[in-house]
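Coordinates in review
Next come the chains, spelled out residue by residue.
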Amino acid sequence: MKRFGAALLLFCCLAGCAPRQEAAHTVDFFAMDTFMTVTAYGAAAEQVAVACEQQVDALEPALSRTRTDSDLYRLNHAAGAVCTVHEDTYAAIEAAVQYAALTDGAFDPTMAALTDLWGIGTEAAHVPPQAAIDAARAQVDYHDIELLGDRQVRLHDGAQLDLGGIGKGYATDKVAPLAADGALLAQLGGNIGAFGVNPGREGGDWVIGIADPDDHASFIATVAVRDRSVVTSGDYERFFEQDGVRYHHIFDPATGYPAQTGLRSVTVIDPCSTRADALTTALFVMGLEEGLAFCAAQDVAAVFITADGQVVTSDAVETACAFTFLGADKGYRYVA
């Protein structure tokens, strides 16, 4: 659910502190409905970067629900029949169900009916009638996903799977092992994976910027990380306006409407990009108070940006990264 706007900002933030060494290779490509950039460092840099692109391309038919040749498309059109899916499809669904249960449904991978209804990010974006929202909500319930083992899955009660909420995180985790003999910076849409030692920075960390929701060309904080993913969900990534009201793409499964929790964005820093991907959405839906309580209970490193200009970090941020607040001159207030 992270799109090009966030990715472009993070690329610009990284450009100023990118490592410089001869054994580096970058590939730019389009996959999973967004632009991606991978830079590998080390003796096998070119081979690693190309292998990353190939890995992501290979995952697309396993994780896409719109491609008619994909497992998700087949599963969503199986009318409740059991489907045997690719091992990556099964693993991603299994992870999605795990994080849905962990967040008590604040993240839910069966949101396809709602996202299709609203059409946010398309020319058909509109506020649907309440009756249509209620009907779509009736199809949203991760409990309707039945994992039968041996790569077999069944959907109940008209549930429709959409793995867009964790797909890029899953892809980031799949390319991470390719950095074993060097360093790798993977920018897969709004998911940033920084692996190995940054050869261009003393101490070896990678510095990644967190976007100012009101000015995508600048940022309000940076996090210095290593062997971590940094994932952001924000209300500025995909939205439309109707009758003077702004509607964004992060839906609250409980209401069927874009989540109105007083947040502009949530960034999660985590070794597991799949987990970070799911939790950015869930924490946005929870809101600041509930989100911070969840972070404390689950040891989640998260940065919240509120609509009233606060930048709030969970306790786990202190150990997950080196956090630098840069938003004072933009009117933000840091609350540790």
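Structural notes, computed from the coordinates. These numbers were taken from a predicted model, which means no experiment stands behind them. (Residues numbered from 1 in each chain as written. Predicted model: local features only at pLDDT ≥ 70, side-chain atom pairs only at ≥ 80, totals over all residues. Heavy atoms only, no water.)

Focus on the sheet that holds strand β6 (residues 183-188)
Taken together, 9 strands build an open sheet; the order of strands is β1-β2-β6-β7-β10-β13-β14-β15-β17 and the sheet is mixed. Edge strands, defined here as strands with exactly one partner in the open sheet, are β1 (24-31) and β17 (333-335). Each strand axis lies, on average, 10 degrees off the axis of its neighbour in the sheet, ignoring direction. Judged from the 3 bridges that link them, strand β14 (residues 301-306) and strand β15 (residues 310-313) form a sheet pairing that is antiparallel. (Pairing = 2+ DSSP bridges. Helix = DSSP H or I, 4+ residues; strand = E, 2+ residues; numbered from the N terminus. Axes fitted to C-alpha atoms, helices over the stretch in contact; angles between N-to-C directions.)

Some points on helix α8 (residues 273-286)
Over its 14 residues, α8 extends 20 Å from the first C-alpha to the last, a length consistent with the 20 Å expected when each residue adds 1.5 Å. The buried count for α8 comes to 14 of 14 residues, which makes it a mostly enclosed element. (Expected span 1.5 Å × (residues − 1). Buried < 20%, exposed > 50% of the residue type's maximum accessible area, 1.4 Å probe, protein only.)

Overview of the environment of His-248
Within the secondary structure, His-248 is located in strand β12 (residues 245-248). Measuring from C-alpha to C-alpha, the distance between His-248 and Gly-234 comes to 8.5 Å, with 14 residues separating the pair along the chain. Apart from residues no more than four positions distant in its own chain, His-248 is found in contact with Ile-120, Asp-235, Arg-238, Phe-239, Pro-258, Ala-259, Gln-260 and Phe-284. Among the polar contacts listed, one links the side chain of His-248 to the backbone nitrogen of Ile-250, at a separation of 3.1 Å. Within the local environment of His-248, its side chain forms a polar contact with the backbone oxygen of Ala-259, the two atoms lying 2.8 Å apart. (Contact = heavy atoms within 4.5 Å. Polar contact = N/O pair within 3.5 Å; in protein donor to acceptor, adjacent residues only side chain to side chain.)

Quick look at the sheet that holds strand β4 (residues 145-149)
Spatial ordering of the open sheet is given by β3-β5-β4, a layout of 3 strands whose pairing is antiparallel. This sheet does not close on itself; its edge strands, each paired only once, are β3 (83-84) and β4. Judged from the 2 bridges that link them, β3 and strand β5 (residues 152-155) form a sheet pairing that is antiparallel. Paired with Thr-84 across the strands is Gln-152, a residue of β5. In this fold helix α4 (residues 87-102) packs onto β4 and β5, with an angle of close to 130 degrees to the strand it touches most, β4.

Some words on the packing of α8 against helix α9 (residues 288-298)
Each pair of packed helices can be described by the angle between their axes along with the distance between the axes. Between α8 and α9, whose axes approach to 7 Å, the crossing angle comes to 140 degrees. When the interaxial angle is binned, α8 and α9 end up oblique. For the pair formed by α8 and α9, the contact residues are Arg-275, Leu-279, Leu-283 and Met-286 on the first element and Leu-288, Glu-290, Gly-291, Phe-294, Cys-295 and Gln-298 on the second. Tallied by class, the residues present in the contact of α8 with α9 amount to 6 nonpolar, 2 polar and 2 charged. (Parallel < 35°, antiparallel > 145°, perpendicular 65-115°, else oblique. Nonpolar A, V, L, I, M, F, W, Y, C, P; charged D, E, K, R; others polar.)

As for the pattern of salt bridges
Overall, the coordinates contain 12 salt bridges when judged by the stated rule. Between Asp-162 and Arg-65 there is a salt bridge, with its nearest N and O atoms 3.2 Å apart. One end of the pair, Asp-162, is in the loop between β5 and α7 (167-175); the other, Arg-65, is in the loop between α2 (45-63) and α3 (71-76), with 97 residues separating them in the sequence. A salt bridge links Asp-69 to Arg-67; the shortest N-O distance between them is 2.9 Å. Bridged by salt links that share partners, the residues Asp-214, Asp-235, Arg-246 and Arg-264 form one connected network. (Salt bridge = Lys/Arg side-chain N within 4 Å of Asp/Glu carboxyl O.)

What about the nonpolar core?
Counting 66 residues, the largest nonpolar core has Val-56, Ile-93, Leu-184 and Leu-283 as the members making the most contacts within it. Excluding its chain neighbours within four sequence positions, the residues that come into contact with Leu-283 are Leu-263, Val-266, Val-268, Gly-291, Phe-294, Cys-295, Val-300, Ala-302 and Phe-304. In this structure, Leu-185, Val-225, Ile-269 and Val-303 belong to the second largest nonpolar core, which totals 24 residues. (Core = buried A, V, L, I, M, F, W, Y, C linked by side-chain atoms within 4.5 Å.)

Re the pairing of strand β8 (residues 206-212)
Counting buried positions along β8 yields 7 of 7 residues, so the element is predominantly enclosed. By the bridge criterion, 7 bridges tie β8 to strand β9 (residues 215-225) in an arrangement that is antiparallel. If you follow Asp-212 over to β9, its bridge partner there is Asp-215. Where β8 folds back on β9, the antiparallel hairpin that results is connected by 2 residues.

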